[in-house]
Protein chains: 2
Amino acid sequence: MNSARFSKIYTGDLRVPMRQVRLSDGSAVTLYDTSGPYTDPSVETDVRRGLPRLRERWAGERRAAGEPVTQVACARKGLVTKEMEFVAVREGVTPEFVRQEVAAGRAIIPANVNHPESEPMIIGRNFLVKINANIGNSAVTSSIEEEVEKMAWATRWGADTIMDLSTGQDIHETREWIIRNSPVPVGTVPIYQALEKVKGRPEALSWEVYRDTLVEQCEQGVDYVTVHAGVRLAYVPLTARRKTGIVSRGGSIMAAWCLAHHRESFLYEHFDEMCELLARYDVSFSLGDGLRPGSIADANDEAQFAELRTLGELTRIARHHDVQVMIEGPGHVPMHKIKENVDLQRELCDDAPFYTLGPLVTDVAPGYDHITSGIGAAMIGWYGTAMLCYVTPKEHLGLPDKDDVKTGVITYKIAAHAADLAKGHPGAQAWDDALSNARFEFRWEDQFDLALDPDTARAFHDETMPAAPAKTAHFCSMCGPKFCSMRISHDVRRYAAEHGLAEEEALEAGLAEKAEEFTRRGASIYLPDPDAVN
Amino acid sequence: MNSARFSKIYTGDLRVPMRQVRLSDGSAVTLYDTSGPYTDPSVETDVRRGLPRLRERWAGERRAAGEPVTQVACARKGLVTKEMEFVAVREGVTPEFVRQEVAAGRAIIPANVNHPESEPMIIGRNFLVKINANIGNSAVTSSIEEEVEKMAWATRWGADTIMDLSTGQDIHETREWIIRNSPVPVGTVPIYQALEKVKGRPEALSWEVYRDTLVEQCEQGVDYVTVHAGVRLAYVPLTARRKTGIVSRGGSIMAAWCLAHHRESFLYEHFDEMCELLARYDVSFSLGDGLRPGSIADANDEAQFAELRTLGELTRIARHHDVQVMIEGPGHVPMHKIKENVDLQRELCDDAPFYTLGPLVTDVAPGYDHITSGIGAAMIGWYGTAMLCYVTPKEHLGLPDKDDVKTGVITYKIAAHAADLAKGHPGAQAWDDALSNARFEFRWEDQFDLALDPDTARAFHDETMPAAPAKTAHFCSMCGPKFCSMRISHDVRRYAAEHGLAEEEALEAGLAEKAEEFTRRGASIYLPDPDAVN
């Protein structure tokens, strides 16, 4: 990004970071910023040292005051935490509103006391829709350095949280690097590491191995953990007749365990203990949908909704322990079945924030599943989903590289922002208005800078009209210099303004006598800057 | 595409083309095919000779029988045309159903008697959702050869119609080449050429110049024409206070003309004559939305809906003349305002097919407007829009190249197919099911071949796992060979099948005694082919 036109600003006592875009008309637009210290030229970052420990003393203060450590516990006691204040500035609402939403369980602030490097953010239907980017190395490919770089890259483009889904060697070390360097909350799926510990044999898993892994991750600073505690023994056979069975890795691990032992899931049976553990660090639950549909044919089936009912039951247990909870959702769902997912989730899980993967609205476009899922994500965001887990173009086919991560993040920022607009989130439309004003007034550089991806917008314009003067031209390559529809609109507007015409008045004003003058003024003849294009 | 696994087949007496994908399990999936003779290795195409004149005698037969020439006239008289028969085979419905839909005006078959090279297709809410790709050179860039190549390229990936929006020199010649070589209907916006004839000065336009241009284009074989006859004088001032005024080129030309002359639009005033002209060739109207919103702020405003009411009035006039009509729609519309567009269009235009550009659900992502609009397109398709006009990544920034055309087409095929699924179109889900079956059974080559874009799907898989054996591997790069969730699903399914378990039975069957056996069988231990990856 062109640093001359972007700046990192900090608001208030808590120094809440924002991105400011300075426009050529002297005004500025302030945007939500997830990129952390990496985009602040005055901060030197060193991946080996980790980020500044912004929240280091905040949790200590809470503890020192003898208050319970979790955000929801504080909220219920009427206490506004520093994290809530921070979030209120970011979202443009009052700290009291944040407190109420957290207290009600409608929103969570995933912020492990052991991840003081993170900038607080909130996930809830009454706030801006958030997006998550999955990264992580697998047994097949990719290195730790690459994953840390992907994390920073994803937050630069707007990822609100990161999930480290590493499955190969070095899970612990990869996660350490990511957490120490992540300005956004980090989520994990602890069962992946637990499985590594038992050499990839699901039936060898046990509560003890899992609990130790959970402790390890909580200590390290993971902010939220996906736990597939809703995959109960009784639900596994419900998947037998599906088109694509169980497609969640965590779900299938637990299903395999349940079948192998013919026992109820140890995650389900030990859920209370897990709550006690997570509460000590203020780690949030992301209750996983291990039985989510992996194809259009399997959407909204009994296996999926049976699990969702159990997630509702677990939500109430977690809340009893003052642990923050969100609920994961599908998956592959055709458009007409999306809303039912949100409605049922709200009802069954008492309005806990919903966090969905897409959903993909068709199965037929591998290679483009950022788009098949971006459609579903925008819709489900509008219907009330609080966070959208991105899908990259490599979904179903391979591991995302940096370009794929960026494409996934931008696609999901589109979906999230479209949802904010549709929900009428206060302030959401100001961004669109600023960009559309710039477009209408041919302020090309402003239009690029306000774009979700300024680099691509600028590069695309350069392709057709590379000359520098084209960036100030009052036309574009679509119509060319001789005729420009936007130009004529300006004439209409000026004409109406000059003649003081209100809308209805204009109809009755008898424009006839003014028509000649309009033509004389050169109503539609537009003389372009001859230097603008060749 | 790999010709060994794809074949062009022809069905029935009328030899309706289809694309057949042969799968490795011996079955085959037949898909709708828009690509024309170009994908038939037995047909030699020569761009200088044009395509075979498939429909050459069909219209003659209709004329010879003394019947009126238009499809809707025939339909109303109870006559099933060859075009209707052809379409019925393509859509998997009865010819009589096609006739009824055309007679009612709910669907159109755009097929100029002078474009006999085209393969008949139908646009209507009760058929598969169609997509259009815009091509055409402009004053700034691109050549005729490029545009013809883009046309063939767009149809190869699934464009159902093409619009030639050329604005520069050689409009007539470019169009001639495109029509003679196009297997799909070709649409135009005649006012663009009329404007060229008066040297780009809107106020110099006249009905006579326009009419001559229309005759020229009808003679040449244009199948449908966008006519902005709804931009009436009285509506122009309604746009003065908009964020982005008038963004339609045709709309702004007519607005400029109306203001310059202070007269009612000559397109509106001469609409009856236009109908008589179009009827002689069976050219269809695409009634343009010259006042469509160009920004989120302007969506669903009075200017837009005033014009829509006029389009309803014009629809009834066109039908009176037995001319087929569809209605163009926006534009930029936030998600929560999309449905109103469809509902109002149906009501005001007596169920004439709706044909929308996107809509884009946010303004903030130039460079990604295939995605911002693909979201809106999928939704509006679900709500009942019959054809979706694609938007490429270059929208607002430059002219699309071949890659952009492909990206736009694939994105819109996703939107259209997602809409077909959501509408429950019979047969739509069979494609998803075939692909998901292939995915679940690790038939990688089948999965690629069934994809909307097999080349990209295959290339992405190659990136992570280039080795040929990986195409038969029973795992993918996401989880790696050691653990695979899909593999476990197979175990669950086999387990249930082997034990004859129905879903509820399974819950009560007392699985315990079988658990040991399951573990012994290696429930979750998966031994990969050691050659599959390094």
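Fair warning: this is a prediction, and the values are worked out from it, not measured in the lab. Within each chain, residue numbers correspond to sequence positions counted from 1 in written order. As a convention, the first chain written is A and the first ligand written is 1, with the rest following in written order. Thresholds applied to this predicted model are a pLDDT of at least 70 for local features of residues and 80 or more for the giving and counting of side-chain atom pairs; totals over whole chains, interfaces and linings are not thresholded and use all residues. With hydrogens and water excluded, all non-hydrogen atoms of the structure serve as input to the side-chain values.

### Describing the overall build of chain A
Secondary structure counts use DSSP, requiring at least four H or I residues in a row for a helix and at least two E residues in a row for a strand, with both numbered from the N terminus. Each helix and strand counted, chain A has 21 helices and 13 strands in total. Relative to its 534 residues, chain A shows a buried fraction of 67%. When checking whether two residues touch, look at their non-hydrogen atoms; a contact exists if any pair is within 4.5 Å. For chain A, contacts bridging at least 24 residues in sequence account for 71% of all contacts bridging at least 6. Each accessible area is a Shrake-Rupley estimate made with a 1.4 Å probe; only the visible protein chains count as cover when residues are assessed. Only carbon and sulfur atoms are counted for the fraction: they give 49% of the accessible area of chain A, which is about 17200 Å². Working definition: with a 1.4 Å probe on protein chains only, accessible area under 20% of the residue-type maximum means buried, over 50% means exposed, and in between means partly exposed.

### As for helix H11 (residues 271-281) of chain A
Structurally, the α-helix is built with 3.6 residues per turn, so residues lying three or four positions apart point the same way. Residue and element names in this part refer to chain A. Among the residues of H11, Phe-271, Met-274, Cys-275, Leu-277, Leu-278, Ala-279 and Tyr-281 are the ones counted as buried. Buried residues along H11 sit against helix H8 (207-220), strand S9 (224-227), helix H10 (266-269), strand S10 (284-287) and helix H12 (302-320). Once H11 finishes, Asp-282 follows within two positions and takes phi at roughly 55°, a positive value.

### Notes on the sheet that holds strand S2 (residues 16-22) of chain B
All names here are of chain B. What makes two strands pair is DSSP finding at least two bridges between them. Spatial ordering of the open sheet is given by S1-S2-S3, a layout of three strands whose pairing is antiparallel. The two strands at the open ends of the sheet, each matched to only one other strand, are strand S1 (6-11) and strand S3 (28-32). Each strand of the sheet is rotated relative to its neighbour by a mean of 35°, with strand direction disregarded. Strand direction decides the pairing type here: S2 and S3, joined by five bridges, are antiparallel. Note on definitions: angles span 0 to 180 degrees between N-to-C directions of axes, and those axes are lines fitted to C-alpha atoms, for helices only across the stretch in contact.

### Looking at the nonpolar core
As used in this record, nonpolar core signifies buried Ala, Val, Leu, Ile, Met, Phe, Trp, Tyr and Cys residues forming a set joined through side-chain atoms within 4.5 Å. One finds A:Phe285 and B:Phe285 to be the most contacted residues of the largest nonpolar core, which totals 251 residues. Of all hydrophobic cores here, the second largest spans 14 residues; its members include B:Cys74, B:Ala75, B:Ala88 and B:Phe127.

### Focus on helix H6 (residues 171-181) of chain B
The buried count for H6(B) comes to eight of eleven residues, which makes it a mostly enclosed element. Looking at the buried residues of H6(B), the elements they touch are strand S6 (130-135), helix H5 (144-157), strand S7 (161-164), strand S8 (186-188), helix H7 (190-197) and helix H8 (207-220) of chain B.

### Here we look at a negative patch on the surface
Taken together, the side chains of A:Glu145, A:Glu146, A:Asp170 and A:Glu173 present a region of like negative charge at the surface. In this structure A:Glu145 comes out as partly exposed when scored by relative accessible area, which is 48%. Two distance rules govern patches: like charges are joined within 9 Å, and nonpolar side chains (Val, Leu, Ile, Met, Phe, Trp, Tyr) within 5 Å, applied only to residues with over 30% relative accessible area and no salt bridge. Any Lys or Arg side-chain nitrogen found within 4 Å of a carboxyl oxygen on Asp or Glu counts as a salt bridge. Counted as positive: Lys and Arg. Counted as negative: Asp and Glu, with His and the chain ends omitted from the count. Note on charges: their place is set at NZ of Lys, CZ of Arg, CG of Asp or CD of Glu.

### Structural notes on the sheet that holds strand S13 (residues 387-389) of chain B
Residues and elements named next belong to chain B. Pairing is parallel in the closed barrel, where eight strands are placed in the order S6-S7-S8-S9-S10-S11-S12-S13. Strand-to-strand, the axes of this sheet are offset by a mean angle of 25°, without reference to chain direction. Strands in contact with helix H11 (residues 271-281) are strand S9 (224-227) and strand S10 (284-287); relative to S10, the strand with the most contacts, it is inclined by about 140°.

### Description of the pairing of S9(B)
All names here are of chain B. Side chains Tyr-224 and Thr-226 project from S9 onto one buried face, and the interleaved Val-225 and Val-227 project onto a second face that is buried too. Pairing between S8 and S9: two bridges, direction parallel. What sits directly across from Gly-187, in S9, is Tyr-224. Strand direction decides the pairing type here: S9 and S10, joined by four bridges, are parallel. Residue Thr-226 lies in a different strand from S10, and its bridge partner there is Ser-286.

### Some remarks on the packing of H11(B) against helix H12 (residues 302-320) of chain B
Residues and elements named next belong to chain B. Orientation of H11 relative to H12, taken along the N-to-C sense of each, is 45°, at an axis distance of 9 Å. As far as their axial angle goes, H12 and H11 are oblique. With respect to the hand of their crossing, H11 and H12 are arranged in right-handed fashion. Contacts between H11 and H12 pair Phe-271, Asp-272 and Cys-275 from the former with Leu-314, Ile-317 and Ala-318 from the latter. Here the term charged refers only to Asp, Glu, Lys and Arg, the term nonpolar to Ala, Val, Leu, Ile, Met, Phe, Trp, Tyr, Cys and Pro, and the term polar to all other amino acids, Gly among them. The residue makeup of the contact of H11 with H12, split by class, is five nonpolar, no polar and one charged. The cut-offs work like this: below 35 degrees is roughly parallel, past 145 is roughly antiparallel, 65 to 115 is roughly perpendicular, and the gaps in between are oblique. Should the near helix be turned anticlockwise from the far one by less than a right angle, the crossing is left-handed, and should it be turned clockwise, the crossing is right-handed.

### Notes on the packing of aromatic side chains
Each aromatic ring pair is described using two quantities: the centre-to-centre distance and the angle formed by the ring planes. Aromatic rings from Phe, Tyr and Trp, with only the six-membered ring used for Trp, were paired whenever their centres fell within 6.5 Å, and each pair was classed as stacked if the ring planes differed by under 30 degrees, edge-to-face if by over 60, and tilted otherwise. In the structure shown here, the tally under the stated rule is 20 aromatic pairs over all chains. Judged by centre distance (5.5 Å) and plane angle (50°), the ring pair of A:Phe97 and A:Phe127 falls under tilted. Taken together, the residues A:Phe97 in helix H4 (residues 95-104) and A:Phe127 in the loop between strand S5 (123-124) and strand S6 (130-135) connect sequence positions 30 residues apart. You can call A:Phe97 partly exposed: its relative accessible area is 27%. For the ring pair A:Trp153 and A:Trp157, a centre distance of 5.6 Å and an interplane angle of 85° mean the geometry is edge-to-face. Here A:Trp153 and its partner A:Trp157 are both found in helix H5 (residues 144-157), four residues apart, which amounts to about one turn of the helix. By relative accessible area, A:Trp153 is classed as buried at 17%. For A:Trp157, a relative accessible area of 3% puts it in the buried group. What links up through ring pairs into an aromatic cluster is the set A:Trp207, A:Tyr210, A:Trp257 and A:Phe266. The residue whose ring lies beneath B:Lys394 is A:Phe460, and the NZ or CZ to ring-centre distance is 5.1 Å. Charge over a ring is defined by NZ of Lys or CZ of Arg lying within 6 Å of the ring centre and within 35 degrees of the ring normal. A cation over an aromatic ring shows up here: B:Lys406 above the ring of B:Trp157, its NZ or CZ 4.1 Å from the ring centre.

### Description of the UniProt feature "binding site: Zn(2+)" (unreviewed entry) in chain A
Residues and elements named next belong to chain A. UniProt positions are given in the numbering used here, feature names are shortened, and annotations may be inferred rather than shown by experiment. Using the residue numbers shown here, the UniProt feature "binding site: Zn(2+)" (unreviewed entry) corresponds to His-332 and His-396. These annotated residues cover 65 residues of sequence, but their C-alpha atoms sit close together, with the largest distance between any two at 12.2 Å. Topologically, His-332 is positioned in the loop between strand S11 (325-329) and helix H13 (338-348). On the basis of relative accessible area, His-332 is assigned to the buried category, the value being 6%.

### What to know about the pattern of salt bridges
Residues and elements named next belong to chain A. The full count for this structure, using the stated rule, is 74 salt bridges over all chains. One salt bridge in this structure joins Asp-401 and Lys-394, with 3.8 Å as the shortest N-O distance. Each of Arg-5, Asp-25, Glu-441, Arg-443, Glu-445, Asp-446, Asp-449 and Arg-458 takes part in a single network of salt bridges with overlapping partners.

### Describing unusual backbone geometry
Residues and elements named next belong to chain A. The peptide bond linking Pro-330 to Gly-331 adopts the cis configuration, its omega dihedral lying at 15°. Along the polypeptide, Gly-331 turns up in the loop between S11 and H13. Here the residue pair Gly-358 and Pro-359 is connected by a cis peptide bond, since its omega of 10° sits within 30 degrees of zero. Mapping Pro-359 onto the fold places it in the loop between strand S12 (354-357) and helix H14 (369-383).

### Here's the deal with the confidence of the model for chain A
Scored from 0 to 100, pLDDT reflects the predictor's confidence in each residue. The share of residues in chain A with pLDDT of 70 or more is 86%, and the mean pLDDT across the chain is 89. Across residues 502-534 of chain A, where pLDDT falls below 50, the model places 63 contacts with residues more than four positions away in sequence or in other chains.

### Looking at the pairing of S12(A)
Residue and element names in this part refer to chain A. In S12, alternate side chains face the same way, and those of Phe-354 and Thr-356 on one face and Tyr-355 and Leu-357 on the other are all buried. Here three bridges tie S11 to S12, and the two strands are oriented parallel to one another. If you follow Ile-327 over to S12, its bridge partner there is Phe-354. By convention a crossover is right-handed if, when the strands point away from the viewer, the path from the first strand over the helix to the second runs clockwise. Note on the crossover from S11 through H13 to S12: the handedness is right-handed.

### Considering the packing of helix H3 (residues 82-91) of chain A against H4(A)
All names here are of chain A. For the pair H3 and H4, the least separation of the axes is 8 Å and the interaxial angle reads 115°. For H3 against H4, the interelement crossing comes out right-handed. Counted together, Met-84, Val-87 and Ala-88 of H3 and Pro-95, Val-98 and Arg-99 of H4 form the full contact between these two elements. A per-class count over the contact of H3 with H4 returns five nonpolar, no polar and one charged.

### Brief notes about the state of the cysteines
In plain terms, two cysteine sulfur atoms within 2.5 Å form what is called a disulfide here. Counted by the stated rule, this structure contains zero disulfides over all chains. This cysteine, B:Cys275, is not joined by any disulfide, and B:Cys218 carries the nearest cysteine sulfur, 11 Å off.

### What about the side chain of A:Thr356?
Residues and elements named next belong to chain A. Here Thr-356 lies in strand S12. For this analysis, a polar contact is any N or O atom pair within 3.5 Å, provided that within protein one partner can donate a hydrogen and the other can accept it, and provided that sequence-adjacent residues contribute only side-chain to side-chain pairs. There is a polar contact of 3.3 Å between the side chain of Thr-356 and the backbone oxygen of Gly-358. Dropping the residues within four chain positions of it, Thr-356 is found in contact with Gly-329, Pro-330, Ile-380, Thr-385, Met-387, Leu-388 and Cys-389.

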